Amino acid sequence: MRISTIAGLSLPLLLAAGHARAQVLNPVQPWGSWLVGTVQLPGSATNRWGGFAEVQARNNNVFSGYFYRELKGGATFDIDPNFTLGVAGGHYTTSDYQDLGAGPLNSEKRLWEQLILSQYSHRLKIEHRYRIEQRWFTFRDDRTEFRQRFRYRVNAFLPLNHQKIEPGTVFLVAYDEIFLNPKGPVFERNRVYGGVGYQFNKHLFLQVGYVNQANYNYTASQGQFILQNTAAKNNVVVNLTYKLFHKNAKAQPVEKLPSQPD
C-alpha cells in the first residue's frame, strides 16, 4: 500500500479520534437560564455611600431544572464619579437538579472587595471592574475548603435612542470577564455576555441577554497536564433591576450604569 494511501486513510481516523476525545472532555451542554433580581442604591453627589442586594437562580435548562442559587449584598463608596469601591458578601448553593431533595452538593460563603472604573465617551460607556474574592466551601460529605480568586471584567453600554441611559432608553450591553485562581489552574473561567436592556422609568430596568460561561482545568494526558475546556455552557439571562435613590439626592454629575453585580 502506498504511503500516500496510508496517510489518506489515517488522517480521517486521527480527526475522528480527536473529535471523540474532545466530545468526552467537552460534552455538549444544554442551554440553561439565569434569573436575576437586583435592588441597587447608587451613591450620589450628596451621599457617596451606596449598596445593593441580589437574588439569582440558575437552571440547567431554559427556565427548568433549577440547581443553583445566590443571595448576596454589599456596600459601595464613590471615591469620585468615576471610581467606586465596594465590599460585599454572599451565600451560594449548588444542587443536583435531578435530586433536589437530597440537599446541596456544596454551599459557599463568599466575601469580596472590588474597584470599578467608569469611562464615558459620548454614547459609549465602558466599565472596568477589578475584584478579589475569598471563598469558604462546605461539601455534602462535610469537607471544607478555602479558595481565593481574582476577577477582571470589561463592560460596555451603548444607548440607542438617547445620548445616555435614562427613562425610555433602549441600550445594548456586552462584557467579557476572566477568573484567575492563584493556586492554579490560573485561568479558571471565562464569561462572555451580550444583551439588550430597557429603562422603564427612573427606578426600573430590564436586561435580556446571552452568556457563555466556560470553566477550565488541567486534564492528565500521557503524563502531561493539558489545559482543557471541560464545561462550556450557554445561558439565557433575564435581569430585573430596581434602583433606589438617596433622600434629597441631587442630580448625578454622570449617569450611573445599570451594571450586573454578579
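Just so it is clear, the model here is predicted, and its values are computed rather than measured.

Thresholds, definitions, all that
- Residues numbered from 1 in each chain as written.
- Predicted model: local features only at pLDDT ≥ 70, side-chain atom pairs only at ≥ 80, totals over all residues.
- Heavy atoms only, no water.
- Helix = DSSP H or I, 4+ residues; strand = E, 2+ residues; numbered from the N terminus.
- Buried < 20%, exposed > 50% of the residue type's maximum accessible area, 1.4 Å probe, protein only.
- Contact = heavy atoms within 4.5 Å.
- 1 Å grid on protein atoms, 1.4 Å probe; cavity = no way out; pocket = protein on both sides within 12 Å on 5 of 7 lines; lining within 4 Å.
- Points joined across faces, edges and corners; volume = space filled by probe spheres on them.
- Nonpolar A, V, L, I, M, F, W, Y, C, P; charged D, E, K, R; others polar.
- Salt bridge = Lys/Arg side-chain N within 4 Å of Asp/Glu carboxyl O.
- Phe/Tyr/Trp six-rings, centres within 6.5 Å; stacked < 30°, edge-to-face > 60°.
- Lys NZ or Arg CZ within 6 Å of the ring centre and 35° of its normal.
- Polar contact = N/O pair within 3.5 Å; in protein donor to acceptor, adjacent residues only side chain to side chain.
- Patch = residues over 30% accessible without salt bridge, like charges linked within 9 Å, V, L, I, M, F, W, Y side chains within 5 Å.
- Areas by Shrake-Rupley, 256 points an atom, 1.4 Å probe, with all protein chains shown as cover.
- Core = buried A, V, L, I, M, F, W, Y, C linked by side-chain atoms within 4.5 Å.

Engineer: Help me out: how do you make sense of the overall build of the protein in this one?
Structural biologist: Looking only at helices and strands, the protein features one helix and 11 strands. N-terminal to C-terminal, the α/β element order of the protein is α-β-β-β-β-β-β-β-β-β-β-β. In the protein, buried positions account for 36% of the 262 residues. Residue pairs in contact within the protein that sit at least 24 positions apart in sequence constitute 54% of those at least 6 positions apart.

Engineer: I tried to follow empty space enclosed by the protein on my own but got confused; where do I start?
Structural biologist: Rolled over the atoms, a probe with the dimensions of a water molecule shows which regions are left empty. Evaluated as defined, the whole model comprises one cavity of 30 Å³ or more. Taken as a whole, the largest cavity spans an internal volume of roughly 450 Å³. Every residue lining the largest cavity is counted, 26 residues in all, and those nearest its centre are Q40, T76, T84, I116 and L257. Of all the elements in the fold, those that place two or more residues in the lining of the largest cavity are β1 (32-41), β2 (49-61), β3 (64-80), β4 (83-94), β5 (106-121) and β6 (124-139). For the lining of the largest cavity, the leading source of residues is β5, giving four residues. Across the lining of the largest cavity, the residue classes tally to nine nonpolar, 10 polar and seven charged.

Engineer: Mind showing me how you'd approach the pattern of salt bridges here?
Structural biologist: Pairing between side chains becomes possible if they bear opposite charge and their charged atoms approach one another. Per the counting criterion, the structure on display carries 19 salt bridges. Among the ionic pairs, D78 bridges to K256, the shortest N-O distance being 2.8 Å. Taken together, the residues span a long stretch of sequence, with D78 in strand β3 and K256 in the segment after β11 (224-243) at a distance of 178 residues. The exposure class of D78 is buried, given its relative accessible area of 6%. A relative accessible area of 17% means that K256 is categorised as buried. With a closest N to O distance of 3.4 Å, R153 and E127 form a salt bridge. Of this pair, R153 sits in strand β7 (residues 144-159) while E127 sits in strand β6; the two residues are 26 residues apart in sequence, bridging distant segments of the chain. Overlapping salt bridges bring together E108, R110, R129, R131, E133, R135, R149, R151, E177 and E188 as one network.

Engineer: Sorry, what's going on with the packing of aromatic side chains here?
Structural biologist: Both the distance between ring centres and the angle between the ring planes are used here to describe each pair of aromatic rings. Tallied over the entire structure, the rule returns 11 aromatic pairs. Note on W136 and F146: the rings are 5.3 Å apart at their centroids and 50° apart in plane angle, and the pair reads as tilted. Placement of W136 in strand β6 and of F146 in strand β7 is noted, with a sequence separation of 10 residues between them. A relative accessible area of 42% places W136 in the partly exposed class. The ring centre of Y92 lies 3.9 Å from the NZ or CZ of R110, which sits over that ring. Across the ring face of F179, the terminal group of R189 is positioned such that the distance to the ring centre comes to 5.3 Å.

Engineer: Quick question: what am I supposed to make of the side chain of E127 here?
Structural biologist: The class for E127 is buried, based on a relative accessible area of 5%. In terms of polar contacts, E127 uses its side chain to reach the side chain of R153, at 3.4 Å. Here the side chain of E127 touches S259 through a polar contact of 2.7 Å, side chain to side chain. Other than its neighbours up to four places away in sequence, E127 contacts I116, L117, S118, R153, V154, N155, L257 and S259.

Engineer: I keep staring at a nonpolar patch on the surface and nothing clicks. Help me out?
Structural biologist: Taken together, the side chains of L124, L158, L160, L172, V196 and V208 present a nonpolar region at the surface, about 430 Å² in accessible area. For L124, the position within the fold is in strand β6. Judged by relative accessible area, which is 36%, L124 ranks as partly exposed.

Engineer: Quick question: what am I supposed to make of the nonpolar core here?
Structural biologist: Taken as a class, soluble globular proteins show a tendency for nonpolar side chains to be buried jointly. Counting residues in hydrophobic clusters, the biggest one holds 11 residues: W34, F157, I165, F171, V173, Y175, Y193, F205, V211, V237 and L257. Elements that contribute at least two residues to this core include exactly β8 (170-180) and β10 (204-221). Ranked by the residues each element gives to this core, the list is headed by β8, at three residues. Setting aside residues up to four positions removed in sequence, F157 forms contacts with R123, L124, K125, I165, F171, L172, V173, L257, P258 and S259.

Engineer: What's the story with the environment of G37 in this structure? I'm lost.
Structural biologist: Looking at the element boundaries, G37 is found in strand β1. Take G37: its relative accessible area is 26%, and that puts it in the partly exposed class. Along the backbone, G37 and T241 are 204 residues apart, and their C-alpha atoms lie at a distance of 6.0 Å.

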